Each structure stands twice: as C-alpha cells, then as structure tokens.
Amino acid sequence: MSRLHLTFACGDYDRTRALEEGTVRPDGIDLTYLRLPVEETFFRMMRYREFEVAEMSMSSYVKSLDLDDPPFVALPVYTSRQFRHTGIFVNAESGIEKPEDLRGKVVGTPEWQLTANVWIRGFLADQYGVPVDSVEYRTGGQETPGRIEKAAVDLGERIRISPIGPGQTLAGMLADGEIDAFQGPRVPSSFVPGGNVRRLFADPVAAEKQYFAETGIFPIMHVVVVRRDVYEKHPWVAQTLTKALYLAKQKAAAELYDASALRFMLPWLIPGLEEARALMGDDYWSYGLQANEHVLSTFLGYHHEQGLSRRRYEPAELFAPEATETFVI
C-alpha cells in the first residue's frame, strides 16, 4: 500500500533532525523535509500555503484563527522556545538604564505581530510596569529596507505605531539614535562590543532565570501546523506526526547529553544542560497541551490584549484534538 507523501518545511533543529535524516519515520508517511530559514518558511506558508506541514510563528498561527476559513490546524509541538530578555537593545545615549525607562521612548520592532515581540511587550508590562501603550513604536526592516507586516494588524487608536522610511533600517536608526530602543528576535548588526548599542539587561541570563522562577514560563515561539485541507482529508496525520516529532525530540535530548564528545561548539554545554534541568525540570522543552496550558494561556492573553486576535482563545482551541491525547495500555 502506498504511503502518504507530505512536505514539511522547518528550521535546522536537533529536535527535528531525526525526521530530516529519516532515522524517525512517521507511520504511513513519506516525509520530504525542507530545511529553510524561519522567515522564508513563514512567508511561503502564510502567503501561498506551499507546504502540507510547516513550522509557524505562534502569533501568526493564532492570528490565522480569526479568518472565516482558518487555513491551518496546529500540533502541540513547539519547535522553538526561547526567553526573550536578550532581545531588547538600547542606544547608550537614550537615557534608558532599566526597563521602566522605556516608558515614553521610541522603540523599533520589525513587525508588531512577531511572537518574540508579543512576549517582550507582555513581560515588560507584567514584570516591569511598562504598559504596551506607554511606548511609541516604529516598524520596518531590521537590516534591509522595505519589510512590512506579514499579516494585517488593526490596532485602532490605542497604540502609537508607524512605519519607518522606505530607505531606513531599524539597526541603523538604533545606532544613530533615531530610535531609543529595539525589540526583536534577531541581534541587530549595530550591536558590537564597545559600541553605542547595548542590551537593556546587563545580565539577561540572570533576568531570564528570575522570570522563570517567578512565572514558570519558558516562552513558546513556534508550533507545527498542518494545512487544514490535508488534515480534513487525512485526520490521522495529526496524531502520527505528533508521535514522530515526540520521538525525534527524545532522540535529540539523549544525544545532547553525550559527554564523550560535545555535539555543539559550546564549551560548557553539559554543565549548562544540567543546570537547565535542575532549574526547569528534566522535560524543560515539553510538548503537549496539558504541560503547557499556563504558557499558552499567558501568550493568548497577551496576543488579544495587544490587538492581534479578535478574542482571547483558549489553549485547547489551538490544536487538532487527535494530537492532544494518546492511548494507554
């Protein structure tokens, strides 16, 4: 009997590599794995629906649920999770010494709807008293002029936001002091040792550890989505792909802790892994709905409060129900 052929567009991750290499194969599926940069994957999937399965920005996916005919259904698999205190940069002459100083400042952000920025605006409001509407925002290309929002955003009059000029970049404006600060998932090129651009948090790792200790949140950035027409025709793929992605993650976790030879070029990889497990638990990069309801609920609240979704969704509404539970023996 022939197998179902699906194309999966995703980044280059240890937790999905077994699917790319074929050492983990989803039951009944022949998978073509396209290793692409996240921006390309998101653009091609959101704009043209090119792939049957793809990694997707959590924010873009939640926003797609507002459509009359939502084009995707998600699996509770989180290909990217990341603390984002490292993603806030300031011009050294801006007078910003602590998070509270961002109030009243002009902040650049590549796109309003980026998942990283939803989290940054959320924790700045919750943890540091910087309401979303206390800042003035500028949007546009970080390193190259001409970037626009991938999805339409209607913020009404509450948020002061406008695009930068057609020939400008946020990295250049930050260096020149035309904006006071920058928030985003990528490090701006104007951030160099000894330069006039620095991180807001002098010790971002300490700030992130404190954030986790206080909230229990390890932010989710990306999910895996299945094109809805594929899911409706073959509903069994939701559970099958989720199971395979779980196995791939388990394989990567075991290989990461091999101390005989470091898997990645990070001198303190093994002690860092041990510290992460001690602080966050053995399954700190958990998949699934139940283990992540608090994280998901927090994000969905931020997403709605920041004008990105018409209503506040519940975590269970995000996922194919077949992928949120499994059989037991």
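From a predicted model like this one, the values you see are computed outputs, not experimental measurements.

S.K.: Can you lay out the pattern of salt bridges for me, pointing to particular residues and giving the numbers?
M.R.: Evaluated as defined, the whole model comprises 22 salt bridges. Between R17 and D12 there is a salt bridge, and its shortest N-O distance comes to 2.8 Å. The class of D12 is partly exposed, set by a relative accessible area of 40%. In this structure, the salt-bridge partner of E255 is K251, at a minimum N-O distance of 2.7 Å. Placement of both E255 and K251 in helix α8 (residues 236-256) is noted, with a separation of 4 residues, approximately one turn of the helix.

S.K.: Requested: an account of the nonpolar core, with residues and values cited.
M.R.: Counting residues in hydrophobic clusters, the biggest one holds 87 residues, and the most contacted among them are L6, F8, L19, Y61, L75, L241 and L318. Looking at which element gives the most residues to this core, the answer is helix α4 (residues 115-128), with 7 residues. When residues no more than four places from it in sequence are discounted, the contact partners of L241 are L6, P26, I29, L31, V53, L75 and V226. Core analysis: the next-biggest nonpolar cluster, separate from the first, contains 9 residues, I164, L170, L174 and V197 among them.

S.K.: So what about the sheet that holds strand β3 (residues 53-57)? Which residues, and what values?
M.R.: Think of a sheet as strands paired side by side through backbone hydrogen bonds, with each pair either parallel or antiparallel. Taken in spatial order, the 5 strands line up as β2-β1-β3-β11-β4 in an open sheet, and their pairing is mixed. Unpaired on one side and paired on the other, β2 (29-35) and β4 (72-81) mark the two borders of the sheet. This sheet shows a mean twist of 30 degrees between the axes of neighbouring strands, independent of strand direction. Where strand β1 (residues 4-10) meets β3, 2 bridges bridge the pair, whose relative direction is parallel. Paired with A9 across the two strands is A54, which belongs to β3. Sheet contacts for α8: β1, β2, β3, β4 and β11 (220-227); angle to β4, the most-contacted strand, approximately 10 degrees.

Rules and cut-offs
Residues numbered from 1 in each chain as written. Predicted model: local features only at pLDDT ≥ 70, side-chain atom pairs only at ≥ 80, totals over all residues. Heavy atoms only, no water. Salt bridge = Lys/Arg side-chain N within 4 Å of Asp/Glu carboxyl O. Buried < 20%, exposed > 50% of the residue type's maximum accessible area, 1.4 Å probe, protein only. Helix = DSSP H or I, 4+ residues; strand = E, 2+ residues; numbered from the N terminus. Core = buried A, V, L, I, M, F, W, Y, C linked by side-chain atoms within 4.5 Å. Contact = heavy atoms within 4.5 Å. Pairing = 2+ DSSP bridges. Axes fitted to C-alpha atoms, helices over the stretch in contact; angles between N-to-C directions.

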